Structure formats: structure tokens, C-alpha cells
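# Chains, contacts and geometry: an overview
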Amino acid sequence: MNRPQALDVLIIGAGPSGSALAIDLVRRGLDVRIIDKSPHAFHGSRAKGIQPRSLEVLEDLGALDDVLAGGDIYPKLGLHAGPIGVPWKMFPHREATPDVPYPNTWLIPQFRTDRALHARLGELGREVEFGKELTGLTQDEDAVVATVVGPDGVEEIVARYAVGADGGSSAVRKQLDIGFVGTTDESDRMLIVDASVSGLARNRWHMWPGLGGKFIGACPLPDSDVFQWMIRLTPDEKPPQEIGAIVDRIHSHTRNRHIQLHEIHWKSVFRPNIRLAQHYGRGRVFLVGDAAHVHTPAGAQGLNTGMQDGYNLGWKLGQVLAGADPALLTTYEAERQPIAAGVLGLSTEKWDGIAKLDPSSMKRGKDEQQLSLTYYGGPLAPADSGDTSTLHVGDRAPDARLLDADGAETRLFTLFQGPHFTAIAYGPGAARDLERLDWPTTGAQLKRLTVGPAAGFCDPENTLRSAYGLTGDTLLLIRPDGYIGHIATSDFLTTTQAAARAMTPQARSRTMSRPSHTSAGSGATE
């Protein structure tokens, strides 16, 4: 039997990680399929916190409006000790600034996040293929062959690359025989219940702590009468199943018989796995999200880290498919695995603190927001590369407010939006060299911005100058995922060209590039 024609990328798993990756790849003009073994989209609240950095990612991917419409800022905690409820500010509320447009963690049930991503994918002409389960995976030096069972029987899907976004029990990871190192405490279990509730104020995230790590929490989900209940079970406790038994369990712990549950929409028993994949892929197959790392729920880190895995991998796959050196794909694990390791440590510390009734474990701040995550010191941002007074290569590129040549205000993030690289020339010397910068015609294209008194944009309030720590002529290269790829304060042309070489198709490989009708980087501007 002849092998089917190869698509570019097959994604297994349509949660936030896989869906974000699919959006990024499709907007690059790539031929993508995304499958999921579930018969329909997930309908529970599970991971409900979107961090500020992830909100920026969602804006770039075009899904932010739906996410903002489906959520709200977190309410204060209400810590209950007997009949007394004490308000506790878990999240410090911050005002937006020119460099951080979304400074607060956003409360939204996961099913709405999934729905927003799937809707955006639909706008781009792709749909999730539900009810299709991976049963086999092989690869050679040219392609991956996935055996999939669905409503219409068995299908072979051939792709140049495949990505497992299929959760902590990842079939892809198991097919690759990649170790998942860490622990699972079978005695530490949490019953999660989405239920319509009366008799409980909706202006608080209620928590009833108890000795020995016992606690119950109830977080109101926006625009509904539903709370997400978190009931920590004792080691030998059988999880209550029926609504009456769950209500009795809540009453016995909270001593508040005014609370009533009227309808259960979703429930699950959660075990705090703390695991990290030994590798983030093998050959032409990669892992993102929970397939690569699983966390405790404390700190709302798992979903966010997973989406940003896909955001990191997407542009690199696009560039390699357009003819860049395949070594670029090795930087995915090198950049993202240390991030996940740090996040595992953070969420585990917070989880352990809850068991000890440590109030600091309930505080959320800069570490959780993921704005300060950096790839500095990694393969694309060596420690001896350029910096400014505030930023290193590999840091997140901040937002800023600029005026265009017509005097209209625009945000830097608006100019970043899309699958392209962006070069910012600050000052006349950098602008002259930016004009001379050669850029490949295949792969992600380059948007060139000049900032200065007689340039395309000006910075009248010094928001760019301040956020980027600029003290003189500077040429900045921003990667498609919004991280700084290069900083040049002298020798602009030579050093920027050298930095770009590791991330773009070069003349020696352009003969290997894909046909123009499916080439990566479509939609970017020169």
C-alpha cells in the first residue's frame, strides 16, 4: 500500500498546549492536523488560572478577546475558622503599565479557554478531530507514521513531525519510551467538583483549612452559579460520588449547612503528580504540556507552562520546515525543560505549604506570573551575548507605547503580533544598518521598525527607552515568540546577522525548503 502524502505536523491532544501550537503552526501556512481521543471538548474547570505572560501569548495568537470575555479577576480569599471568615488578598491587584498590559492572573474555567482556542483555530480553517485515538507511532529519518483509531476505523497519518500534547498519561511519550521522572503520592488525593451552589457568597474564594493538611476550597467561576470545589481526601477515604454524599462531606468540614449543591457539572479525583520527562522528544516527535511535565495545582502553573511550550516549539518547527538547520529544534528542550523544572519546584513548595497551614503558600506574586522567565544562558542566548541596562538576550520583550508617522498611538505588542520576527532600530546608526540587514525569503519574515525623531515611530513618553533600558543606538531582534533574540549596541549589522543565522533558513539549505504555497511565515511583513 502506498504511504499517504505527508502533512507537515500532526498534533495529538487538543487541550490548551496542543491547540495553541496548532494555531501558531496554521497561521504560518503549515499543513496541520490535531486529533484528540475524547469524543468531545473537555467540559470541566480544572486549570482555571491564566497568568499574565500567557495572556500575552493568547493576544498574539488571536484568542485573547474570548478568554477575557469568559473570565474575571480573582476574588479575595475568604479564610474560614469556625464561624469567622477573614478576607485575604491572594493576588495583589496591579494596574496595567506600558510594558505589562495584562498584570493580573485571570480566572477562567479551562473549558472556556479550550473553547476560545478551538474557535480561533476554526477561524483559521482547522477543526479538532475528536474521537481519534493514537494506537501506534513509528518514525524514520524523513517522517512519522501514526496509527489512529476513530469512528471510521483505522487510519494511518504520515507527517514530517508529530507532537504529543496528550496529557500526563501521554500515549506519545510511552510510544517514545521516554522516562517520566518524579513522584505520585497515591495517599494525597483531591476531589474536584464543579457544582451549582447556593448559600455561599460569590465574592470570595472560600477556604476552610484544617489540621494535617485537610482543607476544602470553593472558587466561584465567573458568569455562572458554579463553584469549583476542592476537597482534600484523607489517605483511606473513598471519594463521595453522589451529590448528597458530597454535600454531607462539605457540611461536616465547614459546619455551614446553608451551603447547598444543586447540580454537578463535572468531577474528578486529582493526585498531585510531580514529574518531568527526561527528554522533550525523540527524532521527529516532541512533547508539550502535561505530556512533558505535571505539577500540583498550586500556583496555576501547569496550563500556562504547557501553552508556552507550544509557543516556543511552533516557530522553530516552522523555520525548520522552511529550510533552517534542524539543530534549531534541539533548543526547544534546552529552553523549556529548565523552565518546567523551576515551575515544578515552585508549585510543589506552595502545595506543601498548604498542608502546613503556611499563609505564605497562599500568596501569589511575580514568580507565578511567568513574566520574568528567561532563556538567558541557553543555546540561543549565550551568557556573553548583548544586553542593555534592564534586559538580557533571552528575556521577554516588554510592551511599549509608540506613535507612528501619522501621530497615531500603537502598542509594540500590536506590531509584534503575527508569525514574524521583529527588528527594532533605536537611533540613526542602528536604523542605517537595519536597512542593510539581509533576511531570507523563506521562513518567518522580518518586520523592521525604526524609532527616533525622524523615523517611522517615535517614543515621546520614553516607554520603549525605559522598558528596554536603552542608552544609545541599539538594534534589537525579537523572536516570533516575543523573546529577545539579539541585542546590538555596536557592530549592528554583523552581530545581528550572525544571531539570525541560527534561527533562519540559510542559502545552503534553501533548496530543501517547502513549496511556496505552504511555506512558513506567511502573513509577516517585510
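The sections below set out a description of the structure shown in this document. (Residues numbered from 1 in each chain as written. Predicted model: local features only at pLDDT ≥ 70, side-chain atom pairs only at ≥ 80, totals over all residues. Heavy atoms only, no water.)

Counting residues in each nonpolar core, the largest one holds 87 residues, and the members touching the most others are V9, I11, L58, L313 and L317. No other element matches helix α7 (residues 302-321), which puts 8 residues into this core. Leave out the neighbours within four places in its chain, and V9 touches L25, D31, V32, R33, A159, Y161, V163, L317 and L321. (Core = buried A, V, L, I, M, F, W, Y, C linked by side-chain atoms within 4.5 Å. Buried < 20%, exposed > 50% of the residue type's maximum accessible area, 1.4 Å probe, protein only. Helix = DSSP H or I, 4+ residues; strand = E, 2+ residues; numbered from the N terminus. Contact = heavy atoms within 4.5 Å.)

Burial analysis of strand β1 (residues 7-12) places 6 of its 6 residues in the buried class, which makes it a mostly covered element. Bridging between β1 and strand β11 (residues 153-164) involves 5 bridges; their strand directions are parallel. Note on β11: the bridge partner recorded for V9 is Y161. The pairing of β1 with strand β2 (residues 32-36) spans 4 bridges and is classified as parallel. From the neighbouring strand, I11 faces β2, where its bridge partner is I34. Regarding topology, helix α1 (residues 16-26) serves as the crossover connection from β1 to the parallel β2, and that connection is right-handed. (Pairing = 2+ DSSP bridges. Right-handed = clockwise from strand over helix to strand, strands pointing away.)

Counted by the stated rule, this structure contains 11 aromatic pairs. Residues F42 and W266 carry aromatic rings whose centres are separated by 5.4 Å and whose planes lie at 80° to one another, so their mutual orientation is edge-to-face. One end of the pair, F42, is in the loop between β2 and β3 (49-50); the other, W266, is in strand β17 (residues 260-270), and 224 residues separate them in sequence. Accessibility expressed as a relative area gives 11% for W266, which makes it buried. An aromatic cluster is built from Y161, Y280, F286 and Y332, whose rings are joined through pairwise contacts. Over the ring of F42 we find R46; its NZ or CZ atom is 4.1 Å from the centre of that ring. Looking at R202, its charged tip hangs above the ring of F227, at a distance of 4.9 Å from the centre. (Phe/Tyr/Trp six-rings, centres within 6.5 Å; stacked < 30°, edge-to-face > 60°. Lys NZ or Arg CZ within 6 Å of the ring centre and 35° of its normal.)

Structural measurements only, silent on function.
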